[in-house]
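Residue-level structure breakdown
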Amino acid sequence: MPNVLILDIGLMAILVVVAFAIVRLRSLFAIVMLQGVYSLVSAAWFVSLDAVDVAFTEAAVGAGVSTVLMLSAMLLADRQSNPVSPQRRIGPLIVVLIAGLAMFYAIGDMPYFGDANSPANSYVGIEYIARTAEDIHIPNVVTAVLASYRGFDTFGETVVIFAAGIGVLLLLGLNGNAGKWRARPNGVDVSTAQAPSAQILADSASAQPSLEELS
């Protein structure tokens, strides 16, 4: 157990250092990369806490999908963020401090770890724990709940993430360059204002001589 505690403290220290680096940097590319590092370290910490399912989600969404979408969005933005005046930082700082104090205040109402009378260990939770081994035949109760008992809800979350990714890609494509035809064979610009329609392409293909005619 001391080794696990040292590992947890080390991972938390890395998260703090990466978070401060993200706040201080001005390069958007470096910030996106560090956000991916933050997600990967968080996933490793979740594995240490025996929350493997949450670690998979964090690694896939935080380090995978979010990083790709951020890099795609950088195509429409500057590579460097503009400096923010100290006066404009006061408002966000107050919001963060209030939210942090509220979370620390709520710690006193949380049940002790492993408390048999906690909501997680009472009511319907006991039913899931008792029936998982018989119904799902896997030892991880949380994974069984996410993948089977509330599988439709998990599927809905996947659809939402997929729809968000498609939406971002559509926004990146509709930036004024979508639908335009660009072609420069042998250095000659043969571009048109709009992409040719399928019928024009078909007519052009039919007008080309076939191999039999050439022979």
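Residues numbered from 1 in each chain as written. Predicted model: local features only at pLDDT ≥ 70, side-chain atom pairs only at ≥ 80, totals over all residues. Heavy atoms only, no water.

1. Brief notes about the overall build of the protein
Short version of the rule: In this text, helices come from DSSP runs of H or I with a minimum length of four residues, and strands from runs of E with a minimum of two, each type numbered from the N-terminal end. Whether a residue is buried, partly exposed or exposed follows from its accessible area with a 1.4 Å probe, protein chains only, as a fraction of its type maximum: under 20%, in between, or over 50%, in that order. Any two residues whose heavy atoms approach within 4.5 Å are treated as being in contact. Every accessible area reported is derived by Shrake-Rupley at a probe size of 1.4 Å, with residue values counting cover from the shown protein chains alone.
When helices and strands are tallied, the protein shows 9 helices and 0 strands. In sequence order, the secondary structure elements of the protein are arranged as α-α-α-α-α-α-α-α-α. Evaluated residue by residue, the protein yields a buried proportion of 14% over its 215 residues. Contacts in the protein between residues at least 24 apart in sequence constitute 46% of all its contacts with a sequence separation of at least 6. Accessible surface for the protein amounts to roughly 16,400 Å². Of this, 70% is attributable to carbon and sulfur atoms.

2. Describing the pattern of salt bridges
Rules: What makes a salt bridge here is a side-chain nitrogen of Lys or Arg within 4 Å of a carboxyl oxygen of Asp or Glu, nothing more.
One pass over the full model with this rule turns up 4 salt bridges. Ionic pairing is found between Arg-131 and Asp-135, a salt bridge with its closest N-O pair at 3.2 Å. Here Asp-135 and Arg-131 lie together in helix α5 (residues 124-135), a separation of 4 residues that amounts to about one turn. Assessed through its relative accessible area of 41%, Arg-131 is described here as partly exposed. Taking the shortest distance from any N to any O, the salt bridge between Arg-150 and Asp-153 comes out at 2.1 Å.

3. Quick word on helix α1 (residues 2-24)
Owing to its 3.6 residues per turn, the α-helix brings residues three or four apart onto one side. Operational definition: A helix's residues, less one, multiplied by 1.5 Å, set its expected span.
Here α1 is 23 residues long and its end C-alpha atoms lie 33 Å apart, about the 33 Å a rise of 1.5 Å per residue gives. Of the positions making up α1, those classed as buried are Asp-8, Leu-11, Leu-15, Val-18 and Ile-22. Tucked into the core, α1 has its buried residues touching α2 (28-48).

4. A look at the packing of α5 against helix α6 (residues 141-149)
What counts here: Comment: axis = line fitted to C-alpha atoms, over the contacting stretch for helices; angle = value between 0 and 180 degrees taken between N-to-C directions. Throughout this description, any angle smaller than 35 degrees is read as roughly parallel, any larger than 145 degrees as roughly antiparallel, any in the 65 to 115 degree range as roughly perpendicular, and the remainder as oblique. Following the grouping adopted for this structure description, the nonpolar residues are Ala, Val, Leu, Ile, Met, Phe, Trp, Tyr, Cys and Pro, the charged ones are Asp, Glu, Lys and Arg, and the polar ones are all others, Gly among them.
In contact at an axis separation of 10 Å, α5 and α6 are set at 75° when each is read in the N-to-C sense. By the angle class used here, α5 and α6 are roughly perpendicular. In this structure, α5 uses Tyr-128, Ile-129, Arg-131, Thr-132 and Asp-135 to contact α6, whose residues at the interface are Val-141, Ala-144, Val-145 and Tyr-149. Classifying every residue of the contact of α5 with α6 by side-chain character gives 6 nonpolar, 1 polar and 2 charged.

5. Regarding the environment of Asp-135
Condition: In the analysis that follows, any N or O atom pair within 3.5 Å is treated as a polar contact, provided that within protein one partner can donate a hydrogen and the other can accept it, and provided that, for residues neighboring in sequence, both atoms belong to side chains.
Under the relative-accessibility criterion, Asp-135 is labelled partly exposed at 33%. Each C-alpha atom of the pair Asp-135 and Ser-148 lies 9.5 Å from the other, and the pair is 13 residues apart in sequence. Here the side chain of Asp-135 touches Tyr-149 through a polar contact of 3.1 Å, side chain to side chain.

6. Digging into the packing of aromatic side chains
Keep this limit in mind: Note on aromatic pairs: the rings of Phe, Tyr and Trp (six-membered ring only in Trp) are paired at centre separations within 6.5 Å, and the planes decide the class, stacked below 30 degrees, edge-to-face beyond 60, tilted for the rest.
On inspection of all chains with the given rule, the structure shows 1 aromatic pair. Ring centres of Tyr-128 and Tyr-149 lie 4.9 Å apart, and the angle between their planes is 45°; this geometry places the pair in the tilted category. Here Tyr-149 lies in helix α6 and Tyr-128 lies in helix α5, a separation of 21 residues in the sequence. Given a relative accessible area of 30%, Tyr-128 falls into the partly exposed group. Since its relative accessible area comes to 28%, Tyr-149 is described here as partly exposed.

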